[in-house]
Amino acid sequence: MKETKIGKYRWVIATLLLFSTTINYMDRQVISYLKEYFSTPVSEGGFGWTNTDFAYVTSFFTAFYAGVTIVAGWVIDKIGTKLGLALSLIIWSFFGILNAFVGGTVAMHVVVRSLFGIGEAGNFPASIKTVAEWFPKRERALATGLFNSGSNIGAMIASLFVPWCLVYFGAELGWKMAFIITGAVGFLWLIFWFALYESPSKHKKLTKEEYDYIHSDDIAMHVAPSEDVAIKEKISWGKLFGYRQTWSFFFGKFLTDGIWWFLLFWLPDYLKKQFGMTGHEVMLPTFIVYGVAIFGSIFGGSVPMFFMNKGMEAYKARMTAMFIIALFPLVLLSTQYFGDTAVFGSMASTLAVAVICVGAAAHQAWSANLFTTVSDLFPKKAVGSITGIGGLAGGIGGVLVQQLAGRLTDFYQSTPQTAYTIMFVVCAMSYVVAWLLMKLFVPKFSPITDL
């Protein structure tokens, strides 16, 4: 069956998810580019935060994000993706804007950023569930890679926009405007979401050929393709935790999500402390890192399709691709070697950033495939809940990694290179360990059929 006959409206839906994820990460990333101002002594006009103070703000955000993700997944399984994702975006945009009005007290930023995390928690469960509803298995990793690349685009936009705000409006007003403007963008996205999105069974612009193609896996397994029935069914979290497949995804997220949190929140700090860059000088290298990671997300999503086209079963193709991808972050072990200015001089920062680009791209390729293992192994009605459980695991890992980064950089304040050497070793090893645990829990394709 040719693509021209099938139709392509499902890719419009994937594009909507791309933009929601872009907004999600743009709003999330704002605070990392404000760290320098927040850490400036009060006598010089800043807030006087320590590295540990900053780690507390990002850790509480991550903790609330993680804790609510499991609930958000369950809610989205109950009310559906259309309302679930819209509600999530409204909450995070509102509290993102509110962040501009809390002053410089660490405790107030912790409170508002935590509430912001509650809203952001719904984006990935809703998006993964939407992909499961709108795409057959062979295309899910690619569709996930497409919308997941929004995390890089959002970070890229923030890397340019926030420093610009600080210059254009002045630091005292600029940090507030950064929160307000980025938060307001989300409300514009809602217009397109409500205008263009509906479930496949109700969508008037979806052809019968494309609808049948989307549900070809369901038909082959003799499963009713209608999501309307699945939404009404109750799923016990206790039962979900009883599956080895759930724990496979749990540990895959727990061990690797924190690496991306580290890159999001601490990369600007690393560049400043390792190479003495200013707030403006970090714009280009961080922009490049997140830009390269986009290719990792999309390319990583296409790797399993190569193996599937060779006749390999979907889950085996996914795990084979993930093993290959897990090897690439090992290059992060060389980050501080190439970042040694005594050896490489002015080229050190360029070489270190190049190594980090490989690690960031590999993470996004890994993430695109990791998310898709959920829809490989679980029925559609459980995808939101399982994704939420994984979000909880990833958030716990994220809190631990950020606390480690904050405490190490404070402990090695006079030699931050030592702190970041330890952090890059952790980053490098996490993916191989995660893959081994996933393989241990689910050694071969074992889809859940009794939910």
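See above for the structure.
This is a predicted model, so every value here is computed, not measured.

A few points about the overall build of the chain
Working step 1: Per the secondary structure count, the chain includes 22 helices and zero strands.
Working step 2: The C-alpha radius of gyration computed for the chain amounts to 21 Å, which stays within 12% of the reference 22 Å derived for 451 residues, consistent with globular compactness.
Working step 3: By its C-alpha atoms, the chain is 65 × 45 × 45 Å across when sized along the principal axes.
Working step 4: Within the span of the chain, comprising 451 residues, buried residues form 59% of the whole.
Working step 5: Looking at the chain as shown, the accessible area adds up to about 17300 Å², and 71% of this sits on carbon and sulfur atoms.

Some remarks on the environment of Pro-41
Working step 1: With respect to the secondary-structure elements, Pro-41 resides in the loop between α3 (35–39) and α4 (51–79).
Working step 2: Residues Pro-41 and Phe-187, 146 residues apart in the sequence, show an inter-C-alpha distance of 35 Å.
Working step 3: Those residues in contact with Pro-41 that sit more than four places away from it in its chain are Gly-46 and Gly-48.

Re helix α10 (residues 171–196)
Working step 1: Here α10 spans 39 Å end to end across 26 residues, near enough to the 38 Å set by a 1.5 Å rise per residue.
Working step 2: Residues of α10 that are buried: Gly-174, Trp-175, Met-177, Ala-178, Phe-179, Thr-182, Gly-183, Gly-186, Trp-189, Leu-190 and Trp-193.
Working step 3: Buried positions along α10 lie against α2 (9–29), α3, α5 (81–98), α6 (106–120) and α9 (150–168).

Quick word on the nonpolar core
Working step 1: Ranked by size, the top nonpolar core spans 123 residues in total, and within it Phe-38, Phe-262, Tyr-270, Tyr-290, Trp-366 and Phe-378 carry the most contacts.
Working step 2: Val-303, Met-308, Ala-314 and Ala-321 belong to the second largest nonpolar core, which has six residues in total.

Examining the packing of aromatic side chains
Working step 1: Under the counting rule described, the total for this entry stands at 47 aromatic pairs.
Working step 2: With a centroid separation of 5.9 Å and 80 degrees between ring planes, the pair formed by Phe-262 and Phe-424 is classed as edge-to-face. Of this pair, Phe-262 sits in helix α15 (residues 244–275) while Phe-424 sits in helix α22 (residues 416–441), placing them 162 residues apart in sequence.
Working step 3: Note on Phe-262: relative accessible area 2%, which makes it buried.
Working step 4: Over the ring of Tyr-65 we find Arg-28; its NZ or CZ atom is 4.7 Å from the centre of that ring.

Description of the pattern of salt bridges
Any two side chains of opposite charge can pair, on the condition that their charged atoms come close.
Working step 1: Inspection of every chain in the model, using the stated rule, returns 10 salt bridges.
Working step 2: The residue Arg-28 makes a salt bridge to Glu-120 at a minimum N-O spacing of 2.7 Å. Pair noted here: Arg-28 is in helix α2 and Glu-120 is in helix α6, with a separation of 92 residues, a long-range link.
Working step 3: With relative accessibility at 1%, the residue Arg-28 sits in the buried group.
Working step 4: Here Lys-82 and Glu-198 are joined by a salt bridge, their closest N and O atoms 3.4 Å apart. Of this pair, Lys-82 sits in helix α5 while Glu-198 sits in the loop between α10 and α11 (208–214), and the two are 116 residues apart along the sequence.
Working step 5: A single salt-bridge network, built from bridges that share partners, covers Arg-10, Glu-139 and Glu-210.

A closer look at the environment of Tyr-33
Working step 1: Within the element layout of this structure, Tyr-33 appears in the loop between α2 and α3.
Working step 2: In this structure, the C-alpha to C-alpha distance between Tyr-33 and Trp-247, residues 214 residues apart in sequence, is 35 Å.
Working step 3: Excluding anything up to four places from it in sequence, Tyr-33 contacts Ala-155, Ala-158, Ser-159, Val-162, Leu-166, Pro-268, Thr-286 and Tyr-290.
Working step 4: A polar contact of 3.3 Å, which involves the side chain of Tyr-33, links it to the side chain of Thr-286.

Conventions and cut-offs
- Residues numbered from 1 in each chain as written.
- Predicted model: local features only at pLDDT ≥ 70, side-chain atom pairs only at ≥ 80, totals over all residues.
- Heavy atoms only, no water.
- Helix = DSSP H or I, 4+ residues; strand = E, 2+ residues; numbered from the N terminus.
- Rg over C-alpha atoms; globule rule 2.2 N^0.38 Å.
- Buried < 20%, exposed > 50% of the residue type's maximum accessible area, 1.4 Å probe, protein only.
- Areas by Shrake-Rupley, 256 points an atom, 1.4 Å probe, with all protein chains shown as cover.
- Contact = heavy atoms within 4.5 Å.
- Expected span 1.5 Å × (residues − 1).
- Core = buried A, V, L, I, M, F, W, Y, C linked by side-chain atoms within 4.5 Å.
- Phe/Tyr/Trp six-rings, centres within 6.5 Å; stacked < 30°, edge-to-face > 60°.
- Lys NZ or Arg CZ within 6 Å of the ring centre and 35° of its normal.
- Salt bridge = Lys/Arg side-chain N within 4 Å of Asp/Glu carboxyl O.
- Polar contact = N/O pair within 3.5 Å; in protein donor to acceptor, adjacent residues only side chain to side chain.

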